[in-house]
Amino acid sequence: MEELKSILPKAFESLLGPNGAKVLRFHVERKLGQDMYDVFYKDPGRFYRALSDLFGIGAESLMRLVARWLNENGYLKGLDANEFVKLLKKGGEEVQVLSKSFKLPYQVGVTGESEFFVRTCVPGLDDVISGFPRGGVILVSGKPGSGKTIMSMTFLYRGALEAGERGAYVSVYEGKDRFLQLAKGLGMDFEKLEEEGLFNHIWMPITMEAGAATAVNTILEQVESIGARRLVIDSFTALKQQFKDRAEARTFLQTLFSKVVEELKCTTILIKEGDPLTGPLDFEEYVADAVLHLEKDYFDKRPLRRLEVLKLRGAEIIFPWLLCTIHEGFRVISCREVPKLREPAQYVTPEEWPPSDPPGAYTTGIPDLDHEIGGYPQGSTILFEIDPKLTFQEYVMITAPAAASFLLKGRHCLVIPSGGVSPDNMKGVSGYYGVSEQIFLERFHIFYEKGAPIRKEQNIIEVDVRNVEEAGKQLIEFGVKLVEDTGNPVLVIVGVDRVFRIVGEGMFGPISSAQDVVKQRRGLMFWIAKPIMPWIVERLAPIADMYFKITREHGCLLFYGIKPRTPLYAIQLKPDKTPPIPNLIRMV
């Protein structure tokens, strides 16, 4: 008996943890009126009946796992898990065979996998967190429409495709056909996964008669039978309401459910309806291994979704706030720094780069943006409002591709650089898009005021700004001559902050004159407006043909159009992509 009493606590503590085993022992012994391990040795059937009274058919799942643990660690001989549970159910004298089946092993086996975390396989999420604790309970909360269901479907679908892990989706609300239809509309073919044995849909409408414990244990049985490694219960909120009281729900989740899925190595998402941030936290936030909250908000009257990582056991949360989208499936937007560009991409072939100009327009150099706006119309002026949080390297990803396209097509650029941007900065960025130093020096003309502390190169043009009217005339005449000599249009890039610093409010006259010439000669003009004086943008916006904003939120670069109005886009740049053309990801 002493050997048995030393073995069983190990089994329960391994499965439920020290605290969970204590809670279980408290409830069972309160029902039995004596030490539960004494009862198990003398009358295993009575022990099992007490466990069943507390957990319903959950007792069967728990004891099956106990038997498996005993077998794997060499404490049980001659009985598999199913036979073990059958004997417990029968009770009477026959169940006494259990006590004779225990033994002390010479060597205790080791179970489980060494990796604590498992990849979420949710696009973008594994870039910023360590993953989900393997076999852990993951609570995903949010209001209606925040993306909980789509994120959970992605967790299962990508987990099957990328990690080969079987998954099960338990729905309290909707049947299988509706689930499959929704998933297919998002590009997820769960029917194919089901044919390959990688997915099961379980419709589990909760009834008061059956009770939550019975429903959950039916789920666990199916999870164990198919060997699922990923599980979603949609929703735990509905399930929790079927428990007799809050204490029963907490005991069940903490001492049975969470430990059973951990033993099965089945990482489980519980969907919770509502916002834990606006009210008191419930027990599930404390029990769960990870807590994620989704919310739908608006940014300048455009939808924007956020994901907050409230808790992640075993890992440091470096980026607690993340942006996400449900466009073409759930995706987290990387909030890491913009990759630093290293080597100029001189080997880019003409077939790949630059893109062709759309009819009646010039390419933006960004296929996603060309598709959205049809390119920059010939003769147009484009206003770019730059958030003060952004660096040159960040916002130039939107403007540089168009400039490089001009240069590589034999056209010229005239530039009044923004403050803090040097000729070396501009030459370096051009090189990443295949522009050689020779082409840069011959076709990229940079205007500076006389006396500016810069190294003189052949493409640096000094302007005497003491006479504003003459300085503006000099720039316009230079551009017109280039158009006449080459027969090609010119791109004019104006750093509005520099012009304002030099000229003041008198800048609007020369800028408007240059705009008229650009329109007449069917060229292109960029106004790069940093918020030195907010009213400047207000004055420029009405006369610009297009008006875009580039900003940053929770570390993510965002881009959108005011004129024309566009959706909100996240700017994503792959560090190994050549040339470094950003992808624009629609935020919906």
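Remember, it's a predicted structure, so these values are computed and weren't measured experimentally.

Trainee: Describe the pattern of salt bridges, naming the residues involved and giving the relevant values.
Mentor: For the coordinates displayed, the defined rule picks out 33 salt bridges. When the shortest N-O distance is used, the salt bridge between Glu372 and Arg586 registers 3.4 Å. Here the residue Glu372 occupies a position in helix 14 (residues 367-373), and Arg586 occupies one in strand 23 (residues 583-586), the gap between them amounting to 214 residues. Exposure remark for Arg586: the relative accessible area of 30% places this residue in the partly exposed category. With a shortest N-O distance of 3.5 Å, Lys519 and Asp545 are connected by a salt bridge. Here Lys519 is found in helix 20 (residues 508-520), whereas its partner Asp545 is found in the loop between helix 21 (534-540) and strand 20 (546-553), with 26 residues between them in sequence. Several salt bridges share partner residues, and in doing so they unite Glu60, Arg64, Arg68 and Glu224 into one network.

Trainee: Give a description of the confidence of the model for the protein that names residues and reports values.
Mentor: Within the protein, residue pLDDT values average 84, and 88% of them lie at 70 or more. pLDDT under 50 marks residues 104-114. Its contacts with residues more than four places away, or in other chains, come to 16 contacts.

Trainee: So what's going on with helix 3 (residues 44-55)? Which residues, and what values?
Mentor: The end-to-end C-alpha distance of helix 3, which contains 12 residues, comes to 16 Å, matching closely the 16 Å that a straight helix rising 1.5 Å per residue would cover. The positive-phi residue at the C-terminal boundary of helix 3 is Gly56, with phi of around 60 degrees.

Trainee: Could you give an account of the nonpolar core, naming the residues involved and the relevant values?
Mentor: By size, the foremost hydrophobic cluster in this structure holds 62 residues, and its most contacted members are Phe12, Phe47, Leu51, Met63, Leu231 and Phe257. Counting residues per element, this core draws most heavily on helix 1 (residues 2-32), which supplies 10 residues. Here Leu231 is in contact with Phe155, Leu156, Ala168, Val170, Ile219, Val223, Phe257, Cys266, Thr267, Thr268 and Ile269, once residues within four sequence places are set aside.

Trainee: An account of the pairing of strand 20 is requested, with residue identities and associated values reported.
Mentor: In terms of burial, strand 20 is largely enclosed, as 6 of its 8 residues are buried. Two strands pair when backbone bridges link them, and strand 14 (residues 380-386) and strand 20 are joined in this way by 5 bridges, in the parallel orientation. Across the sheet, residue Leu383 finds its bridge partner in strand 20, namely Tyr547. In this sheet, strand 21 (residues 556-563) lies alongside strand 20 in antiparallel orientation, the contact comprising 7 bridges. Of the residues in strand 21, the one forming a bridge with Glu553 is Cys556. Turn length for the strand 20-strand 21 hairpin, with the two strands adjacent in sequence and antiparallel, is 2 residues, and the turn residue His554 shows positive phi of about 50 degrees.

Trainee: Run through the environment of Val66, naming residues and quoting values.
Mentor: Relative to the helices and strands, Val66 is located in helix 4 (residues 58-72). C-alpha of Val66 to C-alpha of Ala11: the two residues are 55 residues apart in sequence and 6.1 Å apart in space. Apart from the residues lying within four places of it in its own chain, the contact partners of Val66 are Ala11, Phe12 and Leu15.

Trainee: Can you tell me about the packing of aromatic side chains, naming the residues and giving the values?
Mentor: Under the criterion given, the structure shown has 23 aromatic pairs. Measuring from centroid to centroid gives 4.6 Å for Tyr169 and Phe179, while their planes differ by 40 degrees, and the two rings are tilted. You can see Tyr169 sitting in strand 4 (residues 167-171) and its partner Phe179 sitting in helix 8 (residues 176-185), a full 10 residues away along the chain. An aromatic cluster is built from Tyr157, Tyr169, Phe179, Phe190 and Phe199, whose rings are joined through pairwise contacts.

Trainee: Kindly report on the packing of helix 18 (residues 468-486) against helix 20, identifying the contributing residues and their values.
Mentor: Two numbers describe how helix 18 lies on helix 20: the axes approach to 10 Å, and their chain directions differ by 15 degrees. With respect to helix 20, the axis of helix 18 lies roughly parallel. Crossing geometry of helix 18 relative to helix 20 is assigned as right-handed. Residues Val468, Ile476 and Val480 of helix 18 touch helix 20, and the partners they reach there are Pro510, Ser513, Ala514 and Val517. Considering only residue class, the contact of helix 18 with helix 20 consists of 6 nonpolar, 1 polar and no charged.

Trainee: With reference to specific residues and values, describe the sheet that holds strand 16 (residues 444-449).
Mentor: Pairing is mixed in the open sheet, where 10 strands are placed in the order 17-16-15-18-19-14-20-21-22-23. A single partner strand is all that each edge strand has here, and the edge strands are strand 17 (460-463) and strand 23. The sheet shows a mean angle of 25 degrees between the axes of neighbouring strands, direction not considered. The sheet contact formed by strand 16 and strand 17 spans 4 bridges and is parallel. In the sheet register, Ile446 faces strand 17, and the bridge partner there is Ile460. The strands touched by helix 15 (residues 392-408) are strand 14, strand 15 (412-416), strand 16, strand 18 (490-495), strand 19 (524-529), strand 20, strand 21, strand 22 (569-572) and strand 23; relative to strand 19, the strand with the most contacts, the crossing angle is about 160 degrees.

Trainee: Describe the state of the cysteines, and please don't skip the residues or the numbers.
Mentor: Here the structure, examined in full by the defined rule, presents 0 disulfides. In this structure Cys324 is not part of a disulfide, and its nearest cysteine sulfur, from Cys556, lies 9.7 Å away. You can call Cys324 buried: its relative accessible area is 0%.

Reading guide: rules and limits
Residues numbered from 1 in each chain as written. Predicted model: local features only at pLDDT ≥ 70, side-chain atom pairs only at ≥ 80, totals over all residues. Heavy atoms only, no water. Salt bridge = Lys/Arg side-chain N within 4 Å of Asp/Glu carboxyl O. Helix = DSSP H or I, 4+ residues; strand = E, 2+ residues; numbered from the N terminus. Buried < 20%, exposed > 50% of the residue type's maximum accessible area, 1.4 Å probe, protein only. pLDDT = per-residue confidence, 0-100. Contact = heavy atoms within 4.5 Å. Expected span 1.5 Å × (residues − 1). Core = buried A, V, L, I, M, F, W, Y, C linked by side-chain atoms within 4.5 Å. Pairing = 2+ DSSP bridges. Phe/Tyr/Trp six-rings, centres within 6.5 Å; stacked < 30°, edge-to-face > 60°. Axes fitted to C-alpha atoms, helices over the stretch in contact; angles between N-to-C directions. Parallel < 35°, antiparallel > 145°, perpendicular 65-115°, else oblique. Left-handed = near helix turned anticlockwise from the far one by under 90°. Nonpolar A, V, L, I, M, F, W, Y, C, P; charged D, E, K, R; others polar. Disulfide = S-S within 2.5 Å.

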